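The residues making up each chain are set out below.
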Amino acid sequence: DSCANAGGIVGGIGTVSNEENALHISKCNVINTDITTTAGNLGGVVGLHYEWTDTPRTISECTISGGTFISTADTSSNTCTGGIGGMICPSLKVEKCTVDNMTIKGNGRNTAGLIAIGYNRTEINNSKVTNSNIENLGQTTYYSSKNSYLDCVAGILGYTLENAVLNNNTVEHCNIKGVN
């Protein structure tokens with residue numbers, strides 16, 4: 001399973017630490033930027049956040065505006081594309097983030113305006129996605145089955161495994177398209 005995670009701020013973060021400040025990203029902006037990957041997760045702030053801990057990590061007050069994020073990955077399980085985060089494992093809290101005037105295209109698995117996939121305890125509050133085009137092309141071959149149930153697309157959260165909390169979020173003036 002090849003992987004080339006890409007992010008506007010961080011490509012990938014992995015840790016097994018229970019320290020409270022292992023990941024805290026605040027007030028970071030990605031403006032008029034294009035990001036592409038051919039085999040990996042892609043996010044405007046973080047492409048891949050992978051750790052096993054009970055302590056929630058936070059991304060807050062970040063703005064992603066003007067640009068194109070495209071994943072052309074077609075054979076990897078790591079093909080999640082999101083305006084803020086691609087693949088998030090687990091325990092992430094997103095607060096007051098904005099994605100505006102973006103084109104976000106994923107070739108498979110999950111695509112979303114904010115978080116493509118959140119495993120276990122994903123919380124998103126007071127965030128918005130506006131004036132954007134979000135599309136999942138559904139072309140990934142994942143575990144030998146093309147167009148599996150994991151090919152999801154959404155304005156806020158593409159797919160969650162469990163324990164998602166979403167409060168006071170807005171999707172406005174967006175085109176959201178799933179292709180099978």
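Look up: the structure comes first, before these words.
First, a word on scope: everything that follows refers to the structure included in this document. (Residues numbered from 1 in each chain as written. Predicted model: local features only at pLDDT ≥ 70, side-chain atom pairs only at ≥ 80, totals over all residues. Heavy atoms only, no water.)

1. Observations concerning the overall build of the protein chain
Convention followed: By the criteria applied, helices consist of DSSP H or I runs no shorter than four residues and strands consist of E runs no shorter than two, each listed in order from the N terminus. Partly exposed describes any residue whose relative accessible area lies between the buried limit of under 20% and the exposed limit of over 50%, with all areas from a 1.4 Å probe on protein chains only and scaled to the type maximum. The contact rule is simple, with two residues in contact once any of their heavy atoms fall within 4.5 Å. Using a 1.4 Å probe, the Shrake-Rupley method yields the accessible areas, and only the shown protein chains count as cover for residues.
Along its length, the protein chain carries 0 helices and 25 strands. Counting the 180 residues in the protein chain, one finds 53% classified as buried. Sequence separation of 24 or more characterises 81% of the internal contacts of the protein chain that already satisfy a separation of 6 or more. Of the roughly 7800 Å² of accessible surface on the protein chain, 44% is carried by carbon and sulfur atoms.

2. A short note on the pairing of strand β18 (residues 133-136)
In plain terms, the rule: Any two strands between which DSSP finds at least two bridges are classified as paired.
Sheet topology places strand β13 (residues 98-106) next to β18; 4 bridges connect them, and they run parallel. Paired with Thr-103 across the strands is Asn-133, a residue of β18. As defined by bridge partners, β18 adjoins strand β25 (residues 175-178) across 4 bridges and the pair is classed as parallel. Each bridged residue has a counterpart across the sheet, and for Ile-134 the counterpart in β25 is Ile-176.

3. As for the sheet that holds strand β3 (residues 24-26)
Put simply, the rule is: An axis is simply a line fitted to the C-alpha atoms; with a helix, the fit covers only the stretch in contact. Between two such axes, the angle follows the N-to-C directions and lies from 0 to 180 degrees.
Across the sheet, 5 strands lie side by side as β3-β8-β12-β16-β23; this open sheet has parallel pairing. At either end of the open sheet lies a strand with only one pairing partner, and these are β3 and β23 (164-167). For this sheet, the mean angle separating the axes of adjacent strands, direction not counted, is 10°. With 3 bridges joining them, β3 and strand β8 (residues 57-60) adopt parallel strand pairing. The partner of His-24 across the bridge, within β8, is Thr-58.

4. Thoughts on the sheet that holds strand β21 (residues 152-154)
Sheets are built from strands that pair by backbone hydrogen bonding, the pairs being arranged parallel or antiparallel. If you walk across this open sheet you meet the 5 strands as β1-β6-β10-β14-β21, and the pairing is parallel. Only two strands of the sheet have a single neighbouring strand rather than two, namely β1 (6-7) and β21. Here strand β10 (residues 81-82) pairs with strand β14 (residues 110-112) via 2 bridges, running parallel. By the bridge assignment for β14, Thr-81 is matched with Thr-111.

5. A short note on the pattern of salt bridges
Selection rule: Any Lys or Arg side-chain nitrogen located within 4 Å of an Asp or Glu carboxyl oxygen qualifies as a salt bridge.
Tallied over the entire structure, the rule returns 2 salt bridges. The salt bridge involving Lys-93 is made with Glu-95; its shortest N-O contact spans 3.7 Å. Exposure remark for Lys-93: the relative accessible area of 29% places this residue in the partly exposed category. Taking the relative accessible area as the measure of exposure, Glu-95 reaches 18% and is therefore buried.

6. Section: the side chain of Ser-132
When you line up the elements, Ser-132 lands in the loop between β17 (128-130) and β18. Given the relative accessible area of 1%, Ser-132 is considered buried. Discounting residues that sit within four places of it in the chain, Ser-132 has contacts with Val-99, Asp-100, Asn-101, Met-102, His-173, Cys-174 and Asn-175.

7. With respect to the nonpolar core
Nonpolar side chains in soluble globular proteins tend to end up buried together. Let me state the cut-off plainly: The term nonpolar core refers to a set of buried residues drawn from Ala, Val, Leu, Ile, Met, Phe, Trp, Tyr and Cys, joined through side-chain atoms within 4.5 Å.
Counting residues in each nonpolar core, the largest one holds 29 residues, and the members touching the most others are Ile-59, Ile-84 and Ile-115. Of all the secondary structure elements, the ones that give two or more residues to this core are β9 (63-71), β12 (92-95) and β13. When residues of this core are assigned to their parent elements, the largest contribution, 3 residues, is made by β13. For Ile-115, the contacting residues outside a window of four places in its chain are Ile-84, Gly-85, Ile-88, Leu-92, Val-94, Ile-124, Ile-156, Leu-157 and Gly-158.

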